[in-house]
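# Commentary on secondary and tertiary structure
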Amino acid sequence: ADDGGRRCVWRPDQVCPWEPRGRDAEILRLVGLGWTDPAIGRALHLNSYTISHHIGRMCDFLGFARGTRGSSSRRAQLAAWAGAHGYGPGTFNSA
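On a predicted model such as this, the values are computed, not experimentally measured, just so you know.

Between helix 3 (residues 48–62) and helix 4 (residues 73–84), whose axes approach to 10 Å, the crossing angle comes to 75°. Regarding the angle of helix 3 to helix 4, the classification is roughly perpendicular. Note on element contacts: helix 4 touches helix 3 through Arg 74, Arg 75, Leu 78 and Trp 81, opposite Ile 55, Gly 56, Met 58, Cys 59, Asp 60 and Leu 62. Along the lines of polarity and charge, the residues of the contact of helix 3 with helix 4 split into six nonpolar, one polar and three charged.

Turning our eyes to something else, we now look at the packing of aromatic side chains. Throughout the structure, instances matching the rule amount to one aromatic pair. Relative to Tyr 87, the ring of Trp 81 lies with its centre 6.4 Å away and its plane at 20°, an arrangement referred to as stacked. Accessibility classification places Trp 81 together with Tyr 87 in one group, the buried group.

Now for the environment of Arg 23. Checked against the element boundaries, Arg 23 lands in helix 1 (residues 22–32). Residue classification places Arg 23 among the partly exposed residues on the basis of a relative accessible area of 33%. The sequence separation of Arg 23 and Leu 44 amounts to 21 residues, and the corresponding C-alpha distance is 8.9 Å. Dropping the residues within four chain positions of it, Arg 23 is found in contact with Leu 44, Leu 46 and His 54.

Reading the values: the criteria
- Along each chain, the written sequence defines residue order, and numbers are assigned to residues from 1.
- The predicted origin of the model limits local features to residues at a pLDDT of at least 70 and limits the giving and counting of side-chain atom pairs to 80 or more, whereas totals for whole chains, interfaces and linings rest on all residues.
- The side-chain values count all of the structure's non-hydrogen atoms but skip hydrogen atoms and water molecules.
- Note on definitions: angles span 0 to 180 degrees between N-to-C directions of axes, and those axes are lines fitted to C-alpha atoms, for helices only across the stretch in contact.
- Every helix listed is a DSSP run of H or I at least four residues long, and every strand listed is a run of E at least two residues long, numbered separately from the N terminus.
- For classification purposes, an angle smaller than 35 degrees is called roughly parallel, one larger than 145 roughly antiparallel, one from 65 to 115 roughly perpendicular, and anything else oblique.
- Whether two residues are in contact is decided by their heavy atoms: any pair within 4.5 Å suffices.
- Nonpolar residues are Ala, Val, Leu, Ile, Met, Phe, Trp, Tyr, Cys and Pro. Charged residues are Asp, Glu, Lys and Arg, and all others, Gly as well, are polar.
- Working definition: a ring pair exists when centres of Phe, Tyr or Trp rings (six-membered ring for Trp) sit within 6.5 Å. Plane angles under 30 degrees give stacked, over 60 give edge-to-face, the rest tilted.
- Burial classes follow relative accessibility: with a 1.4 Å probe on protein chains only, a residue under 20% of its type's maximum area counts as buried, one over 50% as exposed, and anything between as partly exposed.

Here is the structure:
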């Protein structure tokens, strides 16, 4: 997430000024659909570690708390954010 040095702490009752673009938008859409890192990596021809890195950056930017290694809570928060912003099932945002 190219945040220009800013950080957006998102809450469901607020609008976040960040609009995902490019690869972040592609990954966010697939996270919103419930895809795993390996599945996203195969679809986008990227290593699953690269996908994890993108997801981690987006979660950091949105202010989602870090859990223990392997915790799915940040990913669930990101999936919820994706759905709330038009990146979930039945939607496509080509930002």
